[in-house]
Amino acid sequence: MTTFPDGFLWGAATAGHQIEGNNVNSDWWAREQMMPGMELSGDAVDSYHRYREDIQLLADAGLTSYRFSLEWSRIEPVRGHFSKAELAHYRRMIEFCLELGVTPVVTLQHFTTPQWFAALGGWDGPEAEALFCAYVEQACTILDGVEWVATMNEPNMQAAIMTAMRHLAASGGEWTSPTVEADGDDEKKQTHSEFLTYADPEIGRLFTRIHHAARAIVRERTGAKVGWTIAAGALTAAPGGEEKLLQIRYGKEDVYWEGSRGDDFVGVQAYSSQQVDANGLVPHPPHSDNTLVGTAFRPDSLAMAVRHAWEVSEHTPILITENGIATADDAQRIRYTTGALEGLAGTIADGIDVRGYLHWSLLDNFEWGHWEPTFGLIAVDRDTFARTPKPSLAWLGEVAARNGLEATEVAA
Ligand code: FCB
């Protein structure tokens, strides 16, 4: 059997906007109404009211940790007005986890911001840091007994969106190849044509400043370990793509792994892998094993991401805060996760400090404008909100109970 370290966390992750429903004050809620082709989050899967059932299912399966996010737009629907009732709601979630012996991993900001914050310029706005910090101070009042806090989820994806939006605005709404600074060196400026391929490293430095300010608040006011969670692309160079790989990966990832130096942990989130050639990201061809979001079936991407994060973060302890697959075939989910965990065990055997594995996601949910990609260990009927655990939930619970993978699972 392949075993994991004592005390290793086994769990599943979610995010407020994707499961709660009716987050009417968030910027994403507004975006969904405006963007052609986007489906609405609506009631989502009503986990706002059904969180006890969801956490109970997780605990009953044998998982020991639940990652979820606080919804800033619920807690501060109007600038400076903090809702005691919403804070109490999230406190009840934390207490329910603790009662069940489930370790809560709390994300303070998972992609969404309040509409009023977006109207002030969002993360680019002059008061962004102070505004976020004021919210973080309030959030800290309910974190008693919480051991793991992530300030932000995937600021690097948020930066890629911001980079694309800036470019769109500058080009009058038409998508052309933007020019993005590579690594502070003007001479390395290059162009590309793919939406969300690039993130401006300057935005990474902005996020790092804000993250460090929030980190100081969490450290001062709570006993939690604090870090942030980063989207890892597990990018590799095709022949001739070595320089381009460094350029893309710096703004999109490495500036964030660097920003996690000095954190108590860094959240690694990996799903697939992609090649970079001299022109940029190499599109992945259609294949029968492709996921529902069109990415390649690459369970090995998790270990690749962990090794890269460990190196660039200069050995910051790692928590896998997301890993999973969009598939309608639950057997493929188990196959994927088995491969990912096998690779993860290899990184631990090599001395990398990995503290736990949180699968994305506990529930089928609202995948940022789309309902089709199902990542959940639990299916949800969106009319009745009935939950139906998939075989993968019981399977992951058994892995958790054994704290390891059986040899037969690894071979299969
Ligand atoms: C990550 C997000 C998460 C979910 C998964 C599939 O980028 O953090 O909310 O959408 O991808």
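Residues numbered from 1 in each chain as written. Predicted model: local features only at pLDDT ≥ 70, side-chain atom pairs only at ≥ 80, totals over all residues. Heavy atoms only, no water.

### As for the confidence of the model for the chain
Move 1: When the pLDDT values of the chain are averaged, the result is 94; 94% of them are 70 or greater.
Move 2: pLDDT under 50 marks residues 178-193. Its contacts with residues more than four places away, or in other chains, come to 41 contacts. (pLDDT = per-residue confidence, 0-100. Contact = heavy atoms within 4.5 Å.)

### What about empty space enclosed by the protein?
Move 1: Going through the model one piece at a time under the given rule, you end up with 1 cavity of 30 Å³ or more.
Move 2: Considered as a void within the structure, the largest cavity measures approximately 50 Å³ in volume.
Move 3: In terms of lining residues, the largest cavity is bounded by Gly16, Ile19, Glu20, Ser47, Tyr48, Tyr51, Phe68, Ser69, His89, Tyr90 and Met93.
Move 4: By residue class, the composition of the lining of the largest cavity is 6 nonpolar, 4 polar and 1 charged. (1 Å grid on protein atoms, 1.4 Å probe; cavity = no way out; pocket = protein on both sides within 12 Å on 5 of 7 lines; lining within 4 Å. Points joined across faces, edges and corners; volume = space filled by probe spheres on them. Nonpolar A, V, L, I, M, F, W, Y, C, P; charged D, E, K, R; others polar.)

### Here's the deal with the sheet that holds strand β11 (residues 274-277)
Move 1: Across the sheet, 3 strands lie side by side as β9-β11-β12; this open sheet has mixed pairing. A strand with exactly one partner marks an edge of an open sheet, and here the two such strands are β9 (235-237) and β12 (280-281).
Move 2: Where β11 lies against β12, 2 bridges are found, and the strand directions are antiparallel. Counterpart to Val276 in the pairing with β12 is Leu281.
Move 3: Of the strands in this sheet, β9, β11 and β12 are in contact with helix α10 (residues 242-259), which crosses β9 at around 155 degrees. (Pairing = 2+ DSSP bridges. Helix = DSSP H or I, 4+ residues; strand = E, 2+ residues; numbered from the N terminus. Axes fitted to C-alpha atoms, helices over the stretch in contact; angles between N-to-C directions.)

### Looking at the packing of aromatic side chains
Move 1: Scanning the entire structure with this criterion turns up 22 aromatic pairs.
Move 2: Ring plane angle 50 degrees and centroid distance 4.7 Å describe the contact between Trp72 and Phe117, whose orientation is recorded as tilted. In this pair, Trp72 is assigned in helix α4 (residues 72-75) and Phe117 in helix α6 (residues 115-119), connecting sequence segments 45 residues apart.
Move 3: Aromatic side chains Tyr271 and Phe375 sit 5.7 Å apart centroid to centroid with 80 degrees between the ring planes, which places their arrangement in the edge-to-face category. Of this pair, Tyr271 sits in the loop between β10 (266-270) and β11 while Phe375 sits in the loop between β14 (354-360) and β15 (378-380), and the two are 104 residues apart along the sequence.
Move 4: Judged by relative accessible area, which is 22%, Tyr271 ranks as partly exposed.
Move 5: In this structure, Arg52 packs its charged tip against the face of Phe96, placed 4.2 Å from the ring centre.
Move 6: Here the basic side chain of Lys225 rests over the ring of Trp148, its NZ or CZ set 4.8 Å away from the ring centre. (Phe/Tyr/Trp six-rings, centres within 6.5 Å; stacked < 30°, edge-to-face > 60°. Buried < 20%, exposed > 50% of the residue type's maximum accessible area, 1.4 Å probe, protein only. Lys NZ or Arg CZ within 6 Å of the ring centre and 35° of its normal.)

### Some thoughts on the site of the ligand
Move 1: Surveying the vicinity of the ligand reveals the residues Gln18, His110, Phe111, Asn153, Glu154, Gln269, Tyr271, Glu322, Trp360, Glu367, Trp368 and Phe375.
Move 2: Within the side chain of His110, an N or O atom sits 2.8 Å from an oxygen atom of the ligand.
Move 3: Within the side chain of Glu367, a nitrogen or oxygen atom sits 2.8 Å from an oxygen atom of the ligand.
Move 4: Protein chains shield 90% of the accessible area of the ligand, which is 290 Å² for the free molecule. (Near = heavy atom within 4 Å. Polar contact = N/O pair within 3.5 Å; in protein donor to acceptor, adjacent residues only side chain to side chain. Areas by Shrake-Rupley, 256 points an atom, 1.4 Å probe, with all protein chains shown as cover.)

### Comments concerning the pairing of strand β3 (residues 65-69)
Remark: a regular strand shows side chains that alternate across the two faces of the sheet.
Move 1: In terms of burial, β3 is largely enclosed, as 5 of its 5 residues are buried.
Move 2: Relative to β3, strand β2 (residues 9-13) is paired through 3 bridges, and the arrangement is parallel. Note on β3: the bridge partner recorded for Gly11 is Ser65.

### A few points about helix α3 (residues 47-61)
Every α-helix winds through 3.6 residues per turn, so residues three or four apart in the chain are directed the same way.
Move 1: Between the first and last C-alpha of α3 there are merely 18 Å, a value that for 15 residues lags more than 12% behind the 21 Å anticipated at 1.5 Å per step.
Move 2: A maximum bend of about 30 degrees is found in α3 at Glu53.
Move 3: Looking only at α3, the buried set comprises Ser47, Tyr48, Tyr51, Asp54, Ile55 and Leu58.
Move 4: Elements that come into contact with the buried residues of α3 comprise β2, α1 (16-19), β3, α4, α5 (84-99) and β16 (387-389).
Move 5: Of the residues flanking the end of α3, it is Gly62, one or two places downstream, whose phi is positive at about 110 degrees. (Expected span 1.5 Å × (residues − 1). Bend = angle between axes of the 7 residues up to and from the residue.)

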